[in-house]
Amino acid sequence: MAKETGRKLVAQNKKARHDFHIEDTFEAGLVLTGTEVKSLRAGRASLVDGFGEIERGEAWLLHVHIPEYTQGTWTNHETRRRRKMLLNRQEIDRIERRTSEKGLTIVPLSLYFKDGRAKVEIALAKGKKTYDKRHAIAERDATREAERDLGRRLKGM
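Residues numbered from 1 in each chain as written. Predicted model: local features only at pLDDT ≥ 70, side-chain atom pairs only at ≥ 80, totals over all residues. Heavy atoms only, no water.

Caption draft 1: Region of interest: the overall build of the protein chain. Counting its secondary structure elements, the protein chain contains four helices and seven strands. Helices (α) and strands (β) of the protein chain occur, in sequence order from the N terminus, as β-α-β-α-β-β-β-α-β-β-α. Against the globule reference of 15 Å for 157 residues, the protein chain gives a C-alpha radius of gyration of 19 Å, more extended than a compact globule. Counting only C-alpha atoms and orienting by the principal axes, one finds that the protein chain spans roughly 65 × 45 × 25 Å. In the protein chain, the proportion of contacts linking residues at least 24 apart, taken out of those at least 6 apart, comes to 69%. When the accessible surface of the protein chain is split by element, carbon and sulfur atoms take 49% of a total near 10100 Å². Taken together, the 34 basic and 24 acidic charged side chains of the protein chain have centroids lying 3 Å from each other. (Helix = DSSP H or I, 4+ residues; strand = E, 2+ residues; numbered from the N terminus. Rg over C-alpha atoms; globule rule 2.2 N^0.38 Å. Contact = heavy atoms within 4.5 Å. Areas by Shrake-Rupley, 256 points an atom, 1.4 Å probe, with all protein chains shown as cover. Lys, Arg positive; Asp, Glu negative; His and termini not counted. Charge placed at Lys NZ, Arg CZ, Asp CG, Glu CD.)

See below:
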């Protein structure tokens, strides 16, 4: 069988960038069962309710929904089980320190295959208040309108 190369995106948490201030990002491997990998290769996963935690020196990914594999038998997996994340000891210690002292949370941003291995991009994030979200939307609309006006001027309209 040919070895996979490159990056194949499976799922992305677009709402995370809207609901949180992203402080720092990390790439972590995942410990998965066979049917979970097959379900991910079919492009089926949801990161919406997912979050991470550090417990007893190990990083865990919780509430990420990977649906059951359709051709799976009794060996199929649970859809929302705890999944272990594979990180370096220094990264785990740094994440644990920052989440405990600053009140940050671990949020999954994307789930993908990199060179045939399942990876998750996680972020240390701080929750936004509703007025922050409104401010970000207003800022985005203003820059979009400015770009639109500039484009019209360049076209001569």
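Caption draft 2: Spatial organisation of the pairing of strand S2 (residues 20-30). Sheet analysis places S2 next to strand S7 (residues 117-127), joined by nine bridges and oriented antiparallel. Looking at the pairing, Phe-20 lines up with Gly-127 of S7. Of the pairings in the sheet, the one linking S2 to strand S5 (residues 83-86) comprises two bridges and is antiparallel in character. Looking at the pairing, Leu-30 lines up with Met-85 of S5. (Pairing = 2+ DSSP bridges.)

Caption draft 3: Spotlight on the packing of aromatic side chains. On inspection of all chains with the given rule, the structure shows zero aromatic pairs. Looking at Arg-41, its charged tip hangs above the ring of Phe-113, at a distance of 4.3 Å from the centre. The ring of Trp-60 carries Arg-82 above its face, with NZ or CZ at 4.4 Å from the centroid. (Phe/Tyr/Trp six-rings, centres within 6.5 Å; stacked < 30°, edge-to-face > 60°. Lys NZ or Arg CZ within 6 Å of the ring centre and 35° of its normal.)

Caption draft 4: Fine view of the pattern of salt bridges. Considering all chains together, one arrives at 13 salt bridges under this definition. Between Glu-36 and Arg-81 there is a salt bridge, with the nearest N and O atoms lying 2.8 Å from each other. With Glu-36 in helix H2 (residues 34-41) and Arg-81 in the loop between strand S4 (58-62) and S5, this pair connects stretches of sequence that are 45 residues apart. Residue Glu-36 is classed as buried on the basis of its relative accessible area of 0%. Judged by relative accessible area, which is 23%, Arg-81 ranks as partly exposed. Here Arg-89 makes a salt bridge to Asp-93, at a shortest N to O gap of 3.7 Å. Pair noted here: Arg-89 and Asp-93 are both in helix H3 (residues 89-102), with a separation of four residues, about one helical turn. Classification of Arg-89 by relative accessible area gives partly exposed; the value is 46%. Assessed through its relative accessible area of 30%, Asp-93 is described here as partly exposed. Because the salt bridges share partners, they merge into one network encompassing Glu-53, Glu-55, Arg-56 and Arg-82. (Salt bridge = Lys/Arg side-chain N within 4 Å of Asp/Glu carboxyl O. Buried < 20%, exposed > 50% of the residue type's maximum accessible area, 1.4 Å probe, protein only.)

Caption draft 5: Expanded view of the environment of Asn-76. Looking at where Asn-76 falls in the secondary structure, it is placed in the loop between S4 and S5. A residue is classified by how much of its surface remains accessible, and Asn-76, at 19% relative accessible area, is buried. Distance from Asn-76 to Thr-33, taken between C-alpha atoms, is 8.7 Å for residues 43 residues apart in sequence. What Asn-76 contacts, discounting residues up to four positions off in sequence, is Thr-35, Glu-68 and Tyr-69.

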